[in-house]
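# Structure at a glance
Next come the chains, spelled out residue by residue.
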Amino acid sequence: MKAYRSKDPRKMAQYEIMIGLANDPSSSLYNKDGSHHRDASHHAHFWNGYSYGTKYPHLVPGTTSIMYCVWRAGVDFKTTETTE
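Computed from a predicted structure; not experimentally measured.

### A word on the nonpolar core
- Grouped together as the largest cluster of nonpolar side chains are 19 residues, with contacts concentrated most on Y15, L29, F46 and F77.
- Elements with a minimum of two residues in this core: α1 (9-22), α2 (41-52) and α3 (66-83).
- With eight residues, α3 is the largest single contributor of residues to this core.
- Apart from the residues lying within four places of it in its own chain, the contact partners of L29 are M18, L21, A22, S35, H36, H37, H43, F46 and W47.

### Brief notes about the environment of R72
- By the element assignment, R72 lies in helix α3.
- Using a relative accessible area of 13% as the deciding quantity, one classes R72 as buried.

### Quick notes on the packing of aromatic side chains
- Per the stated rule, a full pass over the model turns up six aromatic pairs.
- Where Y50 meets F77, the ring centres are 6.0 Å apart and the plane angle is 35°; that geometry is what we call tilted. Of this pair, Y50 sits in helix α2 while F77 sits in helix α3; the two residues are 27 residues apart in sequence, bridging distant segments of the chain. Both residues of the pair, Y50 and F77, belong to the buried class.

### Things to note about the environment of K78
- Structurally, K78 can be placed in helix α3.
- Between the C-alpha atoms of K78 and Y50, which are 28 residues apart in sequence, the distance is 5.3 Å.

### Topic: α1
- Counted at 1.5 Å a residue, the expected span for α1 with its 14 residues is 20 Å, and the 20 Å between its end C-alpha atoms agrees.
- Considered for burial, the residues of α1 that qualify are K11, M12, Y15, M18, I19 and A22. Buried residues of α1 fall within an arc of 125° about the axis and therefore sit on the same side. Exposed and facing more than 90 degrees away from the buried side of α1 are P9 and R10.
- With a side-chain oxygen positioned 2.9 Å from the backbone nitrogen of R10, the residue opening α1 is D8.

Conventions and cut-offs
- Residues numbered from 1 in each chain as written.
- Predicted model: local features only at pLDDT ≥ 70, side-chain atom pairs only at ≥ 80, totals over all residues.
- Heavy atoms only, no water.
- Core = buried A, V, L, I, M, F, W, Y, C linked by side-chain atoms within 4.5 Å.
- Buried < 20%, exposed > 50% of the residue type's maximum accessible area, 1.4 Å probe, protein only.
- Helix = DSSP H or I, 4+ residues; strand = E, 2+ residues; numbered from the N terminus.
- Contact = heavy atoms within 4.5 Å.
- Phe/Tyr/Trp six-rings, centres within 6.5 Å; stacked < 30°, edge-to-face > 60°.
- Expected span 1.5 Å × (residues − 1).
- Arc of directions from axis to C-beta.
- Polar contact = N/O pair within 3.5 Å; in protein donor to acceptor, adjacent residues only side chain to side chain.

Here it is as structure tokens:
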């Protein structure tokens, strides 16, 4: 799977922020015990992408939603995590 790309700089910035947060175990994406923190919608969409990948039915590829790029960051993070 190719990494997410968008012509919208705001979406690309949000995608990069989410990947950066995912790479930092002390970030807001994680609870203190290291488990997934799903308290906010962007956290939940990221971890849904991570957990369910492309089978997650609530976001449609190519939509204009900023949450799509957050979800896609979760999908891509899982992919890179498992290939390293």
